[in-house]
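Okay, here's what each chain looks like letter by letter:
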Amino acid sequence: MNVLIHTLQGVVPVFLLIVIGSILKHRKVIGPAFQKSSSIICFKLGLPALIFLKIAGLDFSGVFNINEILILLAIALITMITTLLLSLRLKDVTQRGAFSQGAFRGNIAIIGLALVLNLYGEDLAARGAMIVAVMLPVFNILSVIALTIPRHGMSLEGLIRSLKNIITNPIIMAVLAALGFSLFKIPVPVLLGRLLKYLADLALPLALINIGGSLSARGFREKGKIALAAALIKVVLLPVIAVIIFYKKGYNQEELGLIFLIAGAPTALSSHIMADAMDNDGDLAALIIMVSTTLAAVTTLIGISIINSL
């Protein structure tokens with residue numbers, strides 16, 4: 001029952017904001033112009049502010065299991081490479097990066113870590129925070145790469161353009177700046193912190209309303225199978241692989257629960273913002289978030305129940 005309650009607490013607010021966005025679109029309060037401008041605001045202001053605040057306040061000197069983190073990062077990297085190769089079957093190049101990102105980038109900082117805290121308490125949540133501290137910046141870097149390479153190709157000119165886009169990406173710049181504050185323990189000035197907090201608080205609600213406004217029946221018909229494939233990889237295949245690996249390493253029930261919730265978190269909300277702003281298929285990214293979040297409500301209950309029965 002606790003698993004059900006905490007899962008719903010993490011998922012329901014996400015759905016409600018998406019529904020609000022869909023209603024606003026239906027009533028023609030928002031439209032394509034809003035979606036385009038809100039994506040730019042989230043991508044260049046809200047999301048960088050959110051990422052900066054999350055990383056700048058993390059203490060990387062804490063005790064964490066480096067092998068555990070490296071295995072999870074390896075799973076994410078292999079998934080990105082594999083899904084990019086699989087995406088070559090998609091004729092629309094704008095769908096390739098969105099598909100790959102949706103399959104490996106999880107909502108670990110918001111849904112994953114919150115469920116760990118609610119189900120297993122502060123000790124494992126602190127351990128989960130160490131995992132998030134390393135994986136969050138890596139996820140952002142991998143996402144920029146996944147969204148850039150399919151658009152520009154692997155030629156020398158394409159790689160140069162990709163590298164330029166990666167270096168000048170607002171998300172990457174926010175990650176690098178935040179790592180400097182975190183590693184050197186530089187306190188964020190109060191006024192700057194407050195401004196960034198306002199922008200960060202704006203990012204996710206605006207992104208979710210944007211997602212709701214971008215969903216359509218036609219999108220479900222045309223891209224539903226692609227979204228379902230990415231979602232199944234994210235919330236079924238990845239956590240199963242991760243749990244099997246760590247089960248063989250002798251992890252106990254609670255530790256396996258931690259791994260399952262981190263590896264099986266639904267696709268990150270920010271993946272829609274990045275896909276849309278980087279000229280990838282934002283509608284597909286939004287659909288993957290919707291489908292993976294729906295599936296995660298079920299897979300979390302099943303997965304944790306199975307782990308608790310071991």
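Everything below is about the structure printed above this text.
Quick summary incoming for the structure in this document. What you see is a predicted model; the values in this text were computed from it and never measured.

Rules used throughout
Residues numbered from 1 in each chain as written. Predicted model: local features only at pLDDT ≥ 70, side-chain atom pairs only at ≥ 80, totals over all residues. Heavy atoms only, no water. 1 Å grid on protein atoms, 1.4 Å probe; cavity = no way out; pocket = protein on both sides within 12 Å on 5 of 7 lines; lining within 4 Å. Points joined across faces, edges and corners; volume = space filled by probe spheres on them. Helix = DSSP H or I, 4+ residues; strand = E, 2+ residues; numbered from the N terminus. Nonpolar A, V, L, I, M, F, W, Y, C, P; charged D, E, K, R; others polar. Phe/Tyr/Trp six-rings, centres within 6.5 Å; stacked < 30°, edge-to-face > 60°. Buried < 20%, exposed > 50% of the residue type's maximum accessible area, 1.4 Å probe, protein only. Contact = heavy atoms within 4.5 Å. Polar contact = N/O pair within 3.5 Å; in protein donor to acceptor, adjacent residues only side chain to side chain.

1. What about the layout of surface pockets?
No. 1: What the largest pocket holds in volume is close to 280 Å³.
No. 2: The set of elements that each furnish at least two residues to the lining of the largest pocket consists of α10 (217–248) and α13 (282–309).
No. 3: Among the elements that take part in the lining of the largest pocket, α10 stands out by supplying seven residues, more than any other.
No. 4: Classifying every residue of the lining of the largest pocket by side-chain character gives twelve nonpolar, two polar and no charged.

2. Focus on the packing of aromatic side chains
No. 1: Counted under the stated rule, the structure contains three aromatic pairs.
No. 2: Relative to F139, the ring of F104 has its centre 6.2 Å away and its plane inclined at 55°; by these criteria the two rings are tilted. Note that F104 is positioned in helix α4 (residues 93–104) and F139 in helix α6 (residues 122–152), a separation of 35 residues in sequence.
No. 3: According to the relative accessible area criterion, F104 is buried, its value standing at 1%.
No. 4: Taken together, a centroid distance of 4.9 Å and an interplanar angle of 50° make the contact between F246 and Y251 tilted. An identical accessibility class is assigned to F246 and Y251; each is buried.

3. Regarding the environment of Y251
No. 1: Considering the arrangement of structural elements, one finds Y251 in the loop between α10 and α11 (253–263).
No. 2: Under the relative-accessibility criterion, Y251 is labelled buried at 11%.
No. 3: Put simply, Y251 and Y120 are 131 residues apart on the chain and 15 Å apart in space, counted from C-alpha to C-alpha.
No. 4: Setting aside its immediate chain neighbours within four residues, Y251 contacts N65, E68, R127, F246, L256 and I259.
No. 5: Polar side-chain contacts of Y251 include one of 2.8 Å to the side chain of E68.

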